[in-house]
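Okay, here's what each chain looks like letter by letter:
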Amino acid sequence: MSKKIIIIAAVLVIIGVTGFSAKQKQPAETGTLAQAVATSSSVNEVRPYVDQSAKFSLNLPKGWSMDDKKTSTTTSNIWFRNASSTIVITRHVRTAETNKHIEKLGPGGLLDTIINNIVFGLNQYNLVSTQSIVINGVPYRQVISTYVGSKTKRQATQHLYATIAKDAYYLIGIDVYSDEWQSKKDAILQSINTLKLLP
């Protein structure tokens, strides 16, 4: 997965939030991420990562490490990598413009708009599922999809999580080649289940 796709997606989000009109909401199911993770598996060699500036913590699975970090006055992007798989956590500060969109669309409508703009740029995008879940007491919109990498031509599975916090909104993207997903999913989902937003 290339950082270029992630950066393009982040740019699309920024453009989309200011110019994209609300789309019809898709029905969502309710659940928790813990329900989707086998309880018998464990995150081996837990590596806690705490980022005070981006205001989150996460236990990384074995073999994963922080690969890159880019920050500006309004956005923090942190990439975690394991071979060909990527987790990206992006924190966008809530601006006056963001708050206007929340007032106009509601929190759910804004999340739908953000997600639609991210997936719009993916090659051969296919929606698998969408639902509302809770991770450590925080509600997230979860979108699972597949797409074909523009350079690799390999199918990738993407799990996208979005939430609106008091002073920011967060996007968490997981991209794994689909033929590797089964062997990596338990450790990745258990890691995401440790995600905490910090005050």
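Right above here is the structure, for reference.
Notes on the structure in this doc start here. Keep in mind the model is a prediction, meaning the values are calculated, not measured.

The rules behind these values
Residues numbered from 1 in each chain as written. Predicted model: local features only at pLDDT ≥ 70, side-chain atom pairs only at ≥ 80, totals over all residues. Heavy atoms only, no water. Phe/Tyr/Trp six-rings, centres within 6.5 Å; stacked < 30°, edge-to-face > 60°. Buried < 20%, exposed > 50% of the residue type's maximum accessible area, 1.4 Å probe, protein only. Lys NZ or Arg CZ within 6 Å of the ring centre and 35° of its normal. Helix = DSSP H or I, 4+ residues; strand = E, 2+ residues; numbered from the N terminus. Polar contact = N/O pair within 3.5 Å; in protein donor to acceptor, adjacent residues only side chain to side chain. Contact = heavy atoms within 4.5 Å. Pairing = 2+ DSSP bridges. Expected span 1.5 Å × (residues − 1). Bend = angle between axes of the 7 residues up to and from the residue.

So, on to the packing of aromatic side chains. Per the stated rule, a full pass over the model turns up 3 aromatic pairs. Measuring from centroid to centroid gives 5.8 Å for Y49 and F56, while their planes differ by 35 degrees, and the two rings are tilted. The pair formed by Y49 and F56 is uniform in burial state, with each residue classed as buried. Here the aromatic residues Y49, F56 and F80 are joined through ring pairs into a cluster of three or more. In this structure, R154 packs its charged tip against the face of Y177, placed 3.7 Å from the ring centre.

The subject of this paragraph is the side chain of T157. Among the structural elements, T157 can be located in strand β9 (residues 155–164). A distance of 2.8 Å separates a polar atom in the side chain of T157 from a polar atom in the side chain of S178. Those residues in contact with T157 that lie beyond four places of it in its chain are S145, T146, I174, D175, V176, Y177, S178 and W181.

Attention shifts here to the pairing of strand β5 (residues 75–82). Of all 8 residues that make up β5, 8 are buried, and the element is covered over most of its length. Burial of β5 is two-sided: the residues T75, N77, W79 and R81 facing one way and the residues S76, I78, F80 and N82 facing the other way are all buried. Between the end of strand β4 (residues 65–71) and the start of β5, which pair antiparallel, lie 3 residues. Note that β5 and strand β6 (residues 85–93) share 8 bridges and pair antiparallel. Pairing of F80 across the sheet is with I87, part of β6.

The next thing to look at is unusual backbone geometry. Despite not being glycine, N136 shows a phi value in the positive range, around 50 degrees. Position of N136 among the secondary structure elements: in the loop between β7 (126–135) and β8 (138–148). For N136, a relative accessible area of 44% translates into the label partly exposed. The backbone phi angle of K153 is positive, close to 65 degrees, even though this residue is not glycine.

Looking now at helix α4 (residues 178–192). Given a rise of 1.5 Å per residue, 15 residues ought to cover 21 Å, yet the end C-alpha atoms of α4 are separated by just 18 Å, more than 12% below that figure. The largest bend along α4 reaches roughly 65 degrees and is located at K184. Every buried residue belonging to α4 is among W181, K184, I188, L189, Q190, S191 and I192, and all of these are buried.

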